[in-house]
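Below are the chains, spelled out letter by letter.
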Amino acid sequence: MHIMTTLVIAKPVAPPKPAAPPEPAAAQGKGLRAGALGLISSVVIAVSSTAPAYSMAATLGLIVAVVGVHSPGTLIVSFLPMLCIAYAFRELNKADPDCGTTFTWTARAFGPRAGWMGGWGIIAADIIVMASLSQIAGRYFLELVGAGSAGTVWVTAVGVAFIALLTWVCYRGIEVSARLQQVLLVIEVGALTVFAVVALVKAATGHALPGAAHPSAGWLNPWTGSFGSLSNSFLLAVFIYWGWDCALSVNEETKDSARTPGRAAVMATLMLVAIFAMVSVAALAYAGPAFLAAHSTDVLGAMASSVLGSVPGKLLVLCVLTSTAASAQTSIMPTARATLAMAAHGAIPAWFARMNPRFRTPTVATLAMGVVSALFYVMLTAASKNVLADSAAATGLLIAFYYGLTGFACVWFFRRDVITSARAFLVKGILPLVGGLTLLGAFVLSIKSYWPAASSSSSFHGIGGIFLIGAGSLVVGVIIMLITSRFLPRYFADGITAPAHGEGSASS
């Protein structure tokens, strides 16, 4: 670059003020409110969308039932591929900060059909998990107000009202959503910290429950001698960590959209492994593996009164309720934005890209997510209450699918860049590849182990409910994609033709 200097004789001229960074092209095209979130808000969204309290309440007991006292080791080891995939998201976001995330990046790397299925993986995972979140929210709210013995109808009604309320919050704008997330996360992390500290103190002073386990270094070893157990527990742990990528789905609404969301994702995964390790060790030390496995549907609720007392125990109930609210809200947000991106790029009907001119939120996509989630929840509840117990593991299959796909997309997207430096080779090649291969392996092994009816709480003609919900939703996605391709041939012929917003290329 040549620099030309001009000598001004008349009088000195004040240097011009640096221009404000332009609004990202993607935000201009979709109508989202650019620059609304900073780094702290992004980290809060990433952590709270993972819902540490809800995830531990609903999943820790299931992991303990599989690997026993090795659960802390499983949670720590499972963090490593999550960190690898977080780096993949970070690097891809630098090159192309598009709210479609996996959909957009996979379409650029592997073509329109792979991208479409990546987007569908996000949508299906969020819809399925909303059923579990809604049930937890309904039960915990009724317990908090003293109506814990209410029947399924009341729990379902409260769960549907819960979905409607959070859909309205997401519709009102990203700033409202971010402020609510900050409040919910403070309550959640504070309550989990109090619970863990008190539980560890009681265990150390001989006031633990019968069957409590003495902490040992062996707890940090995830290996129990079985690849099947390892893959099943790993997939459940993946579900626990899932959600930090929500910070990437709001990238077009974030300041410095190319860097801030990726930094938030990596920081969030580091915070989460500390929280999960602390709570899992405290729960095992206080209650022991047998108790946790026996109360696998809600381990925190089962220990709340015993650890904190009847009145303070309500704090833990409130903690799980706020955690569920945070997770449900941040399940609606990425789904709406993935749908918006798919519509904006011509992969689904254009009316899904309609925006509210005042709140700058995806109108149709947000409302559609709320309605479909409520209908799916009611249908599952009517079919069988045991189906809801399988939704967490089924969601894990979908998470492994689209997280792993993103890892592979990163390697291919930057295939020419990885040889330019040692850093690029590590963060754009090795780490995303390791994360993608690990999740692919867990996906394949779990498909095999979840096929038998005995592996799930529900079954149909000898096939496990987890397999039917998880793999079945991917089959439904393929069918919808084939139908869509008949009506929107341009996207399926050309893919995403708009240029990426930053460095990196997926071109051949």
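Rules and cut-offs
Residues numbered from 1 in each chain as written. Predicted model: local features only at pLDDT ≥ 70, side-chain atom pairs only at ≥ 80, totals over all residues. Heavy atoms only, no water. 1 Å grid on protein atoms, 1.4 Å probe; cavity = no way out; pocket = protein on both sides within 12 Å on 5 of 7 lines; lining within 4 Å. Points joined across faces, edges and corners; volume = space filled by probe spheres on them. Helix = DSSP H or I, 4+ residues; strand = E, 2+ residues; numbered from the N terminus. Core = buried A, V, L, I, M, F, W, Y, C linked by side-chain atoms within 4.5 Å. Buried < 20%, exposed > 50% of the residue type's maximum accessible area, 1.4 Å probe, protein only. Contact = heavy atoms within 4.5 Å. Expected span 1.5 Å × (residues − 1). Patch = residues over 30% accessible without salt bridge, like charges linked within 9 Å, V, L, I, M, F, W, Y side chains within 5 Å. Areas by Shrake-Rupley, 256 points an atom, 1.4 Å probe, with all protein chains shown as cover. Salt bridge = Lys/Arg side-chain N within 4 Å of Asp/Glu carboxyl O. pLDDT = per-residue confidence, 0-100.

Caption draft 1: Molecular detail of empty space enclosed by the protein. Counted according to the given criterion, the structure contains 1 cavity of 30 Å³ or more. By volume, the largest cavity amounts to about 210 Å³. Along the walls of the largest cavity sit 23 residues, with Asp126, Trp242, Gly243, Asp245 and Thr330 positioned nearest its centre. Taken together, the elements giving at least two residues each to the lining of the largest cavity come down to helix H2 (39–50), helix H3 (52–67), helix H6 (112–144), helix H10 (246–249) and helix H13 (313–344). The element best represented in the lining of the largest cavity is H13, accounting for 5 residues.

Caption draft 2: Broad picture of the nonpolar core. If you look at the biggest cluster of nonpolar residues, it comprises 148 residues, and the most contacted ones within it are Leu75, Trp116, Trp244, Leu300, Met303 and Tyr403. Top element by residues in this core is helix H11 (residues 260–294). It accounts for 16 residues. With near-sequence residues (within four places) excluded, Trp116 lies in contact with Phe103, Met342, Ala347, Ile348, Gly477, Ile480, Met481, Thr484, Tyr491 and Phe492. Judged by nonpolar contacts, the second largest core, of 6 residues, contains Ala131, Val155, Tyr377 and Leu380.

Caption draft 3: Spatial organisation of helix H9 (residues 227–241). Helix length check: H9 (15 residues) gives 21 Å between terminal C-alpha atoms against 21 Å at 1.5 Å per residue, within 8%. When you tally the buried positions in H9, you get 12 out of 15 residues, the bulk of the element. Directly after H9, the chain includes Gly243, whose backbone phi takes a positive value near 130 degrees.

Caption draft 4: Structural context of the environment of Thr438. Along the chain, Thr438 falls in helix H16 (residues 422–449). Ignoring anything within four residues of it in the chain, the contact list for Thr438 reads Pro81 and Phe234.

Caption draft 5: Region of the structure containing a nonpolar patch on the surface. The grouping of Phe425, Leu426, Ile430 and Val434 at the surface amounts to a nonpolar patch, some 330 Å² of accessible area in total. For Phe425, the location among the structural elements is in helix H16.

Caption draft 6: The confidence of the model for the chain, seen in detail. Residues with a pLDDT of 70 or more make up 90% of the chain, whose mean pLDDT is 83. Across the chain, helix H5 (residues 102–110) holds the top mean pLDDT of 95, while helix H1 (residues 25–30) sits lowest at 48. In this model, residues 1–28 is a region of pLDDT below 50 whose contacts with residues beyond four sequence positions or in other chains number 14 contacts. The low-confidence segment residues 502–508, where pLDDT is below 50, has 18 contacts with residues more than four positions distant or belonging to other chains.

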